[in-house]
Amino acid sequence: MSGERTKVLIIGGGFGGLFCARRLGGRDVDVTLLDRGAGHIFQPLLYQCATGTLSIGHISRSLREELARHRNVTTLLGEAIRLDPGARTVTAMRPDETTFTVSYDVLVVAAGMKQSYFGKEHFAEWAPGMKTLDDALRIRQRLFTAFEIAETLPPGPERDSWLTFAVAGGGPTGVELAGQIREVASRTLANEFHSIAPEDAKVLLFDGGDRVLKSFAPGLADKAARTLRSLGVELHMGVHVTDVDRDGVTVTPKAGGPAQQHAARTVLWTAGVEAVPFARHVADVLGADTDRAGRISVEPDLSVPGHPEVFVVGDLVGRDDLPGVAENAMQGGLHVAACVRRDLAGGPRRR
């Protein structure tokens, strides 16, 4: 890495990518941050945008604006689609589907995860996920449209189905979303309609585990379950969602037994995540091991085995069962920036 300034290419403007770019700002390196949306989203609050509590401006900001004071950092709009590790280049696709190429000396893959339907992609038509701003806005439209349609219907099963909201997945996003829908129904919209009572809307939460938030400490999970029940959320644990269509969901008990159908015209999916296609492509071309969700196995310094110039940060890290939370992504981004600086100084990397 002598001679010309080192070129660092960061794929993804989430917490990991943003914190890495910030830490390298003003350093003797040229940084390019490539993101398919050119904006940073505060994902922990995405559910509040989906339920109308917060506006887009409250949870997102242009990466160009965020990094404007760092003259050595360039932000580009594009989706990474191909890696050539021999030439050390990444090919990206613009929104108009034309492509361009970016070269690198150091590559930081912080592309994140996408919603997983466990091979049943047709569920997406009726049960949108929530990983992007577009997802949140789509869900917001569905939620409030459901109440408006119910207002036009006479009492009966059809109206009831429009006032029933099903959430698949009892992780942090599902728990937050289910609770927020009940909050909106019972408080925000309580006095907004004439023929319906929004506070009577049903929210059903389905999960295959024996408790919500199974990756958290049991005490916290129990407290979350009590809070959800006090809000009026119905918890259906130990079931798998086996079908989704325009009329609702079908669930099958994990322990066996007959399938159960629940009429719900609004179904939201938070049940799983998997690596984005580019991350799986990176693993393939680098010969890296992955888990079932596509997370990439890395060394203690977060580099890909056999490729010290390629790092992985954020949700894509397949190491030590790290939870996919913002704090881990931030720390990973800062750690990789520190590794780059030590490499430039000729010092050893810390693990």
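Preceding this paragraph is the structure being described.
If you're wondering where the values come from, they're calculated on a predicted model, not measured in any experiment.

J.: Even after reading the chapter, I still don't get the overall build of the protein, so can you show me in this structure?
T.: Tallying secondary structure elements over the protein gives ten helices and 20 strands in all. Against the globule reference of 20 Å for 351 residues, the protein gives a C-alpha radius of gyration of 22 Å, in line with a compact fold. Classification of the 351 residues of the protein by burial places 48% in the buried group. In the protein, the proportion of contacts linking residues at least 24 apart, taken out of those at least 6 apart, comes to 60%. Distance from the positive charge centre (40 side chains) to the negative charge centre (43 side chains) of the protein: 5 Å.

J.: Is there a simple way to explain the sheet that holds strand β8 (residues 99-103) in this structure?
T.: Strands belonging to one sheet form pairs held by backbone hydrogen bonds; the direction of such a pair is parallel or antiparallel. Reading across from one edge, β6-β7-β8 is the order of the three strands in this open sheet, with antiparallel pairing throughout. In the strand order of this sheet, the two ends are held by β6 (79-84) and β8, each with one partner. Adjacent strand axes in the sheet meet at a mean angle of 30° when their direction is disregarded. Sheet analysis places β6 next to strand β7 (residues 89-93), joined by five bridges and oriented antiparallel. Along β7, the bridge assignment pairs R82 with T91. Set on the sheet, helix α9 (residues 277-286) makes contact with β6 and β7; between it and β6 the angle comes to about 5°.

J.: Could you clarify how one ought to interpret helix α10 (residues 326-345) in this entry?
T.: Helical periodicity: at 3.6 residues per turn, an α-helix aligns residues three or four positions apart in one direction. The terminal C-alpha atoms of α10 lie 29 Å apart, and with 20 residues this matches the ideal 28 Å at 1.5 Å per residue to within 8%. What α10 keeps buried is the set A326, A329, G332, G333, H335, V336, A337, A338, C339 and V340. The elements touched by buried residues of α10 are β1 (6-11), α1 (15-24), β9 (106-109) and β20 (307-312). G346 occupies a position one or two residues after α10 and carries a positive phi of about 80°.

J.: Sorry, what's going on with the packing of aromatic side chains here?
T.: Given two aromatic rings, one states the distance between the centres and the angle between the planes to describe the pair. Counted under the stated rule, the structure contains five aromatic pairs. Summarising the aromatic geometry, the rings of F15 and F42 are spaced 5.5 Å apart at their centres and angled 80° between planes, so their arrangement reads as edge-to-face. Placement of the pair is F15 in helix α1 and F42 in the loop between β3 (39-41) and α2 (46-50), with a sequence separation of 27 residues. For F42, a relative accessible area of 34% puts it in the partly exposed group. An aromatic cluster of at least three residues, connected via ring pairs, comprises Y117, F123 and W269. When the ring centre of F19 is taken as reference, the NZ or CZ atom of R22 above it lies at 5.1 Å.

J.: I keep staring at the environment of L231 and nothing clicks. Help me out?
T.: Within the secondary structure layout, L231 lies in helix α8 (residues 218-231). C-alpha of L231 to C-alpha of V203: the two residues are 28 residues apart in sequence and 9.6 Å apart in space. Residues in contact with L231, not counting those within four places in the same chain, are G179, R182 and E183.

J.: Just to check I follow, could you spell out the packing of α1 against α10 for this structure?
T.: What describes two packed helices is the angle between their axes and the distance between those same axes. In contact at an axis separation of 7 Å, α1 and α10 are set at 35° when each is read in the N-to-C sense. For the pair α1 and α10, the crossing hand works out as right-handed. Residues F15, G16, F19, C20, R23 and L24 of α1 lie in contact with α10, whose contacting residues are A326, A329, M330, G333, L334, V336, A337, V340 and R341. Looking at side-chain class alone, the contact of α1 with α10 contains eleven nonpolar, two polar and two charged residues.

J.: Can you help me understand the side chain of D207 in this one?
T.: Within the fold, D207 resides in strand β12 (residues 202-207). Here D207 falls in the buried class, since its relative accessible area comes to 7%. Discounting residues that sit within four places of it in the chain, D207 has contacts with G169, G170, K214, H236, M237, G238 and V239.

J.: Explain the sheet that holds strand β11 (residues 164-168) to me, please; I cannot follow it from the model alone.
T.: Taken in spatial order, the four strands make up an open sheet running β13-β12-β11-β17, and their pairing is parallel. Either end of the sheet is taken by a strand with one partner, and the two such strands are β13 (233-237) and β17 (266-269). Across this sheet, the average inter-strand angle for adjacent strands is 20°, counted without regard to direction. Note that β12 and β13 share five bridges and pair parallel. Looking at β13, one finds that L204 is bridged to E234. Of the strands in this sheet, β11, β12, β13 and β17 touch helix α7 (residues 172-188), which is tilted by about 170° from β12. Relative to the sheet, α8 contacts β12 and β13, its axis offset from that of β13 by approximately 135°.

J.: Is there a simple way to think about unusual backbone geometry in this case?
T.: Residues apart from glycine generally show negative phi values, whereas peptide bonds are mostly found in trans. A positive phi angle is found at R88, which is not glycine, with a value near 55°. Turning to its location among the elements, R88 is positioned in the loop between β6 and β7. Its identity is not glycine, yet F118 carries a phi of approximately 55°, on the positive side.

About the thresholds
- Residues numbered from 1 in each chain as written.
- Predicted model: local features only at pLDDT ≥ 70, side-chain atom pairs only at ≥ 80, totals over all residues.
- Heavy atoms only, no water.
- Helix = DSSP H or I, 4+ residues; strand = E, 2+ residues; numbered from the N terminus.
- Rg over C-alpha atoms; globule rule 2.2 N^0.38 Å.
- Buried < 20%, exposed > 50% of the residue type's maximum accessible area, 1.4 Å probe, protein only.
- Contact = heavy atoms within 4.5 Å.
- Lys, Arg positive; Asp, Glu negative; His and termini not counted.
- Charge placed at Lys NZ, Arg CZ, Asp CG, Glu CD.
- Pairing = 2+ DSSP bridges.
- Axes fitted to C-alpha atoms, helices over the stretch in contact; angles between N-to-C directions.
- Expected span 1.5 Å × (residues − 1).
- Phe/Tyr/Trp six-rings, centres within 6.5 Å; stacked < 30°, edge-to-face > 60°.
- Lys NZ or Arg CZ within 6 Å of the ring centre and 35° of its normal.
- Left-handed = near helix turned anticlockwise from the far one by under 90°.
- Nonpolar A, V, L, I, M, F, W, Y, C, P; charged D, E, K, R; others polar.

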